[in-house]
There are 4 protein chains.
Amino acid sequence: MNTFGRNFRCTTFGESHGRAVGVVIDGCPPGMPLTEGDIQPYLDRRRPGKSPLESGRREPDRVEIISGTFEGRTTGAPIALVVLNQDVRSEDYDALRDVYRPGHADYTWQMKYGLRDHRGGGRSSGRETVGRVAAGAVAMRWLAPRGIAIRGEVVEVHGVREREAMEAEIRAARDSGDSVGGIVEVIASGCPPGLGDPVFGKIDAAIAGAMMGIGAVKAVEIGEGFGAARLLGSEMNDAITAEGFASNRAGGILGGITSGEDIIVRLAVKPTPSIRSPQRTIDLAGVEREIRIEGRHDPCIAPRILPVAECMLALVIIDAMLEEAKYRGWD
Amino acid sequence: MNTFGRNFRCTTFGESHGRAVGVVIDGCPPGMPLTEGDIQPYLDRRRPGKSPLESGRREPDRVEIISGTFEGRTTGAPIALVVLNQDVRSEDYDALRDVYRPGHADYTWQMKYGLRDHRGGGRSSGRETVGRVAAGAVAMRWLAPRGIAIRGEVVEVHGVREREAMEAEIRAARDSGDSVGGIVEVIASGCPPGLGDPVFGKIDAAIAGAMMGIGAVKAVEIGEGFGAARLLGSEMNDAITAEGFASNRAGGILGGITSGEDIIVRLAVKPTPSIRSPQRTIDLAGVEREIRIEGRHDPCIAPRILPVAECMLALVIIDAMLEEAKYRGWD
Amino acid sequence: MNTFGRNFRCTTFGESHGRAVGVVIDGCPPGMPLTEGDIQPYLDRRRPGKSPLESGRREPDRVEIISGTFEGRTTGAPIALVVLNQDVRSEDYDALRDVYRPGHADYTWQMKYGLRDHRGGGRSSGRETVGRVAAGAVAMRWLAPRGIAIRGEVVEVHGVREREAMEAEIRAARDSGDSVGGIVEVIASGCPPGLGDPVFGKIDAAIAGAMMGIGAVKAVEIGEGFGAARLLGSEMNDAITAEGFASNRAGGILGGITSGEDIIVRLAVKPTPSIRSPQRTIDLAGVEREIRIEGRHDPCIAPRILPVAECMLALVIIDAMLEEAKYRGWD
Amino acid sequence: MNTFGRNFRCTTFGESHGRAVGVVIDGCPPGMPLTEGDIQPYLDRRRPGKSPLESGRREPDRVEIISGTFEGRTTGAPIALVVLNQDVRSEDYDALRDVYRPGHADYTWQMKYGLRDHRGGGRSSGRETVGRVAAGAVAMRWLAPRGIAIRGEVVEVHGVREREAMEAEIRAARDSGDSVGGIVEVIASGCPPGLGDPVFGKIDAAIAGAMMGIGAVKAVEIGEGFGAARLLGSEMNDAITAEGFASNRAGGILGGITSGEDIIVRLAVKPTPSIRSPQRTIDLAGVEREIRIEGRHDPCIAPRILPVAECMLALVIIDAMLEEAKYRGWD
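None of the values given here were measured: they were computed from a predicted structure.

Draft legend 1. Focus on the relation of the copies chain A and chain B. Mapping chain A onto chain B calls for a rotation angle of 180° and an axial translation of 0.0 Å; the resulting RMSD is 0.0 Å. Here the two chains are linked by the operation of a two-fold rotation axis. Taking C-alpha positions as reference, the residue of chain A nearest the rotation axis is Gly209(A), located at 2.3 Å. Taken together, the interface assignments show that 99% of the residues at the interface of chain A recur at the interface of chain B, consistent with an identical surface on both copies.

Draft legend 2. The arrangement of the interface of chain A and chain D in detail. At the interface, 38 residues of chain A touch 38 residues of chain D. Together, the buried faces of chain A and chain D total about 3000 Å²; carbon and sulfur atoms form 60% of this surface. Counting across the interface, chain A meets chain D through six salt bridges. Notably, a salt bridge pairs Glu71(A) with Arg97(D), separated by 2.8 Å at the nearest N-O pair. Of all the secondary-structure elements, those providing two or more residues to the side of chain A that touches chain D are strand E2 (9–14), strand E3 (20–26), strand E4 (63–65) and strand E6 (73–74) of chain A. Residue contributions to the side of chain A that touches chain D peak at five residues, all from E2(A). A per-class count over the side of chain A that touches chain D returns 13 nonpolar, 12 polar and 13 charged.

Draft legend 3. Quick peek at the interface of chain A and chain B. The interface is formed by 95 residues belonging to chain A together with 94 residues belonging to chain B. Note on chain A versus chain B: buried area summed over both sides is about 7400 Å², and carbon and sulfur give 64% of it. The interface formed by chain A and chain B includes six salt bridges. Among the ionic pairs, Glu156(B) bridges to Arg230(A), the shortest N-O distance being 2.9 Å. Here chain A and chain B share 43 residue pairs in polar contact (both at pLDDT 80 or more) between them. Residue classes in the side of chain A that touches chain B are distributed as 46 nonpolar, 29 polar and 20 charged.

Draft legend 4. Seen up close, the side chain of Asp319(D). By the secondary structure assignment, Asp319(D) is in helix H7 (residues 302–325). Apart from the residues lying within four places of it in its own chain, the contact partners of Asp319(D) are Gly5(D), Arg6(D), Asn7(D) and Phe8(D).

Draft legend 5. Inspection of the nonpolar core at higher detail. The biggest cluster of nonpolar side chains holds 158 residues, and the ones touching the most others in it are Ile317(C) and Ile317(D). Of the residues forming this core, the biggest block, 17 residues, is contributed by helix H7 (residues 302–325) of chain C. Look past the residues within four positions of Ile317(C) in its chain and what remains in contact with it is Leu143(C), Ile148(C), Ile150(C), Ala188(C), Cys191(C), Leu195(C) and Ile263(C).

Draft legend 6. Highlighting the sheet that holds strand E9 (residues 182–189) of chain C. If you walk across this open sheet you meet the eight strands as E8(C)-E9(C)-E15(C)-E10(C)-E10(D)-E15(D)-E9(D)-E8(D), and the pairing is antiparallel. Each edge of the sheet is formed by a strand with only one pairing partner; in this case those strands are strand E8 (149–157) of chain C together with strand E8 (149–157) of chain D. Each adjacent strand pair in this sheet contributes to an overall mean axis angle of 20°, direction not counted.

Draft legend 7. Examining the UniProt feature "binding site: FMN" (unreviewed entry) in chain A more closely. Residues and elements named next belong to chain A. Mapped onto the present numbering, the UniProt feature "binding site: FMN" (unreviewed entry) falls on Arg 123, Ser 124, Ser 125, Gly 255, Lys 270, Pro 271, Thr 272, Pro 273, Ser 274 and Arg 296. Across 174 residues, the annotated set is spatially dispersed, with a maximum C-alpha separation of 43.7 Å. Here Ser 124 lies in the loop between helix H2 (106–113) and helix H3 (129–143). With relative accessibility at 34%, the residue Ser 124 sits in the partly exposed group. Polar contacts involving the side chain of Ser 124 include one to the main-chain carbonyl oxygen of Gly 121, which spans 2.8 Å. By the element assignment, Thr 272 lies in the loop between strand E15 (263–269) and strand E16 (279–282).

Draft legend 8. Quick look at the packing of helix H3 (residues 129–143) of chain D against H7(D). Residue and element names in this part refer to chain D. Where H3 contacts H7, the axes come no closer than 8 Å and their chain directions differ by 50°. For the element pair H3 / H7, the angle class is oblique. For the pair H3 and H7, the sense of crossing is left-handed. Packed against H3, whose contacting residues are Thr 129, Arg 132, Val 133, Ala 135, Gly 136, Ala 137, Ala 139, Met 140, Trp 142 and Leu 143, the element H7 presents Pro 307, Val 308, Glu 310, Cys 311, Met 312, Ala 314, Leu 315, Ile 317, Ile 318, Met 321 and Leu 322 at the interface. Considering only residue class, the contact of H3 with H7 consists of 17 nonpolar, two polar and two charged.

Procedures and definitions
The residue count restarts for each chain, going from 1 along the sequence in the order it is written. Both sets of labels track the order of writing: A upward for chains, 1 upward for ligands. Selection of residues for local features in this predicted model requires a pLDDT of at least 70, selection of side-chain atom pairs for listing and counting requires 80 or more, and totals for whole chains, interfaces and linings are taken over all residues. Values shown for side chains rest on all heavy atoms present in the structure; no hydrogens or waters enter the calculation. The copies are overlaid by a least-squares fit using only the C-alpha atoms of residues whose pLDDT is at least 70 in both copies. Only heavy atoms enter the contact rule, under which two residues are in contact if any of them lie within 4.5 Å. As a working definition, buried area equals the accessible area (1.4 Å probe) given up by two parts on being put together, with both sides summed. Salt bridge, as used here: a side-chain nitrogen of Lys or Arg that lies within 4 Å of a carboxyl oxygen of Asp or Glu. For helices the rule is a DSSP run of H or I covering at least 4 residues; for strands it is a run of E covering at least 2, with both sets numbered from the N terminus onward. Amino acid classes used here: Ala, Val, Leu, Ile, Met, Phe, Trp, Tyr, Cys and Pro are nonpolar; Asp, Glu, Lys and Arg are charged; the rest, including Gly, are polar. Identification of polar contacts relies on pairs of N or O atoms within 3.5 Å, with a donor-acceptor requirement for protein atoms, meaning one able to donate a hydrogen and the other able to accept it, and with residues adjacent in sequence counted only if both atoms are side-chain atoms. Here the nonpolar core consists of buried residues drawn from Ala, Val, Leu, Ile, Met, Phe, Trp, Tyr and Cys, with membership extended through side-chain atoms lying within 4.5 Å. Only protein chains enter the area calculation, which uses a 1.4 Å probe; residues under 20% of their type maximum are buried, those over 50% are exposed, and those in between are partly exposed. If DSSP finds at least two bridges between two strands, the strands pair. For helices, the axis comes from a line fit to the C-alpha atoms of the stretch in contact; other axes are also lines fit to C-alpha atoms, and the angle between any two N-to-C directions lies between 0 and 180 degrees. UniProt positions are given in the numbering used here, feature names are shortened, and annotations may be inferred rather than shown by experiment. Oblique is the label for every angle not falling under 35 degrees (roughly parallel), over 145 degrees (roughly antiparallel), or within 65 to 115 degrees (roughly perpendicular). Here is the rule for handedness: rotate from the far helix to the near one, and if that takes an anticlockwise turn smaller than a right angle the crossing is left-handed, while a clockwise turn gives right-handed.

Structure, rendered in structure tokens:
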């Protein structure tokens, strides 16, 4: 399943070392102004190689709108967005062709498909998120004029929460040939109340699925999250006043439907599985091997996941708004 | 969206104080032995009123198979399962008709739909989970002979982890007219490697969505979960040996696909929002009110959510197995 | 797949000789007045046994709303509608348990599922349409106040088109232990222009699928239909004037999208496969047999299919309107 | 909805005069050999300009596989296929920018979207079928080794059925600045029994939807089709013998499930709406206009639709086979 969303449907395609990566968006409302200039800044933000703490892969990541717009506006036709792969060094991966990298999808993909494109992780590479970010940018283009803003930040790295300390942890991990995990927080403000559907279509369920569907994410929480398990009902419940909610421990969602308060999401990002220090694994023949993973890798991918998480939240929200609109359109 | 799953599709229906609750299962493999006796034990387990720590609502919850079986076997036709509502005391809710209970879906449903069945929470009641558990029981009936077992437990209540201490916390909360949250852990063993689809169909994404879609759940984690954010890559990666994985910090899932190791899921359950102690809220007219919620409520719903979480995990797994089977059926 | 529609989703369940037949409707707009009285007339119209030309099976077919309404209005929750089976004579089918009735689904179901409920055709019985008609009635309840009306008639039976002649054909077939086919025409008026989606979501594609999905239907045409293959472009094209279209050979649909003109659909209904006259077939063991099908059967099912076709058209239209609303709800 | 299929999901994109047209296939089984050489012959067959009776637009239509294969085999990742548009003469359409061409989607698209890419019909152009044919070619690549073959032919043009007479009709229409319709027949042999799902997932319903979803198709029939309405049951029913079915009036489908006999489908293609002879219409302002449509158009599109219909049938069959496989994969 490479399609996300039921109303604003995004189908991503492409592998890390293939010809291109991209996305086809089906269901974008017609008549919306849209050019490459609306999308490029989001791709620039997710692009690697912007700081010494990030992967050295250099990609211009120039997006091209192949279809779905006419004279600068969306037409209602599917929007195909393509980004060519350029700075590809497949030879870096030749040594990994026949071994399973611990913490990666190598083993499970081989079990599932019986073959895999091992170059740079192929389809399971973080590079696939180029399509998600491009689609998220289009969603933001529609959400912004409707007063909905999405922002996020890395709030923790390897257990520390101060900016300098976080960078120090990343630097230390990189220098020791290791990697570190972190926590990303994403917040959406301006959402109208009433988004999301009860039971299986809860918007927090959609958010949890969207976030856990980002590679390396191992946990998701809304509002108080795990903290809620340690509270009393009298502490957790948000009182309601004539001016609105007195607090927002619910994280903007009650019964799976938005309350109009900020939607607050946090996700746990595991340490980058690609590390230089030696690891035990096996090869395709089941023979034990010790490997060191060379190549260009982020010592911490939380900062790279941040823009992806923001875009996934945008995709969940636009999808919920189009769903909700069904009951408003004819009245 | 009241349907869960794309291959083993479960559509639940019914309100807390309506005539019945139930589920229609579409996509259950044909020829499987199935009688009410296979389903009833699961409903008995989720049933309230089994201990002094649970809601006093007394429901026999007898399930009836309305369609989809013939001479004790599934036929491939949709399986309709119905449970009549009996011990209904709608009058308990008359006082709540026009006010929004804090921590409940009352406010958001009113915003979304403009009206609601306020009796016992209507559709947003935990009673809806009768349908999920009945469907999960059918899924378990198919999974068990294939070596897949699902078990779970309440591992924490209000911050404590010992059985007696947990019960003491629940008792204390009940006696003070308050409630407490907790953490539920669910584990699936025996899953073959290769379940789940990359990108948006990751099985951990499906699990996260399924768990967050249970009322009162505010967080979900897989394997190390949030703990992964505090580890080094050299600590988090599970080494692979000729005998298999040397550890299971991944929680049985790599790249969104099962590894064959146990699938380990934890969810945070918020304190029951219905409490006797006074709370500030507003009524439909926006006028501030102080309310005390009477009626029969669990001081901690973590134990009630446990069987629901097990059944949701079963539904995710059977769905992934049927999906995976597509590539095996003709070869 | 027992679910129809993507916005107004109807999941039917039940077998001919099971406990009940019914439907769960998910996605019905909230706040719409709805009682059993809105649905019953449609079920009465499809009910058998109303004329000597119809099956003798006597069913009161009383519908019960199990969920989804509160104080006479829809709440947005799934609407479960159930009709109990009563006048069941399974013994009529004992002789057919092990043989494949020619023209029926017996053989193909056995090939697909390896077992089947042979009683009255089980799930493949026309009785399943009770759920479709009940759902269609709910759709009509929403469409009518929006100016959309659906009507139909049997326009041909066994090649003749005059009312008396059609009845004579049916009577003659019945008396000779045979059956006849016919053609049903259904027309929807009042649809706004713009319904339907290009490419694979064309409303005529949805209509064709919906109609061909009715048992015994072997052909579907829109507007001129097969006649269009025998025309010149200059004859087929509907000229457009300042007052609107000068003709409606397109049958109200251009490029898969409604034009605002009447939607005109015709379907071919094959002769009832259950006939008294002897037929050659085989049994489960592959042994050749000659069978005579006793029991109560309509000599022509076109009149029985008429209300089903009207309801399926209503389901397609409400689904397209809710889909279209997505782009109107927020502007 | 620009996606077709639920298991072998094809999402087409692109407009007639945009940068490219193409398709993303999600759900293709892994490990299947696939190169551009498997797809190109199908595109060459649908390509215009091969005979004096066809549109003069000259397109090499070279397909490129952008993703989803590795070392000549499918990987299970989405397969993106792209064909660049080259011989584009948008200026031919300048005169049509503000008028609705009779028989085209111009009016309905404008009503739906409020704007449209008028150049060559934009998204509603037959050029969109490049993506369908490319996807169909991939499906055929999987079906062929499993013994399933699909063939078709134009069996009628403007009421005549002999090859020379059909060509004469097309030539005459072209010379008089008019166009003619026709009937296409497509047959699939080698399908196993048991494909298709009862009720709403009937394979004939899927076929009807797929065929009616092709531009210019106004009718679809299976087996005897409309002829079945004129038969007796004793004539229509296919007797079953120890050697199999004695006839195939059902067209290979009973109760929506394949019988193993040939699947026989016929569709009615309306005359090309673009004709040189003068037509009455209106412009965007509602002012009446008389237009003559210049540019390069097929006087009969039945031959152009033939390969598209074959490919759509292939897509329906592979989708049904993958669906059916779900119940075979684990047993």
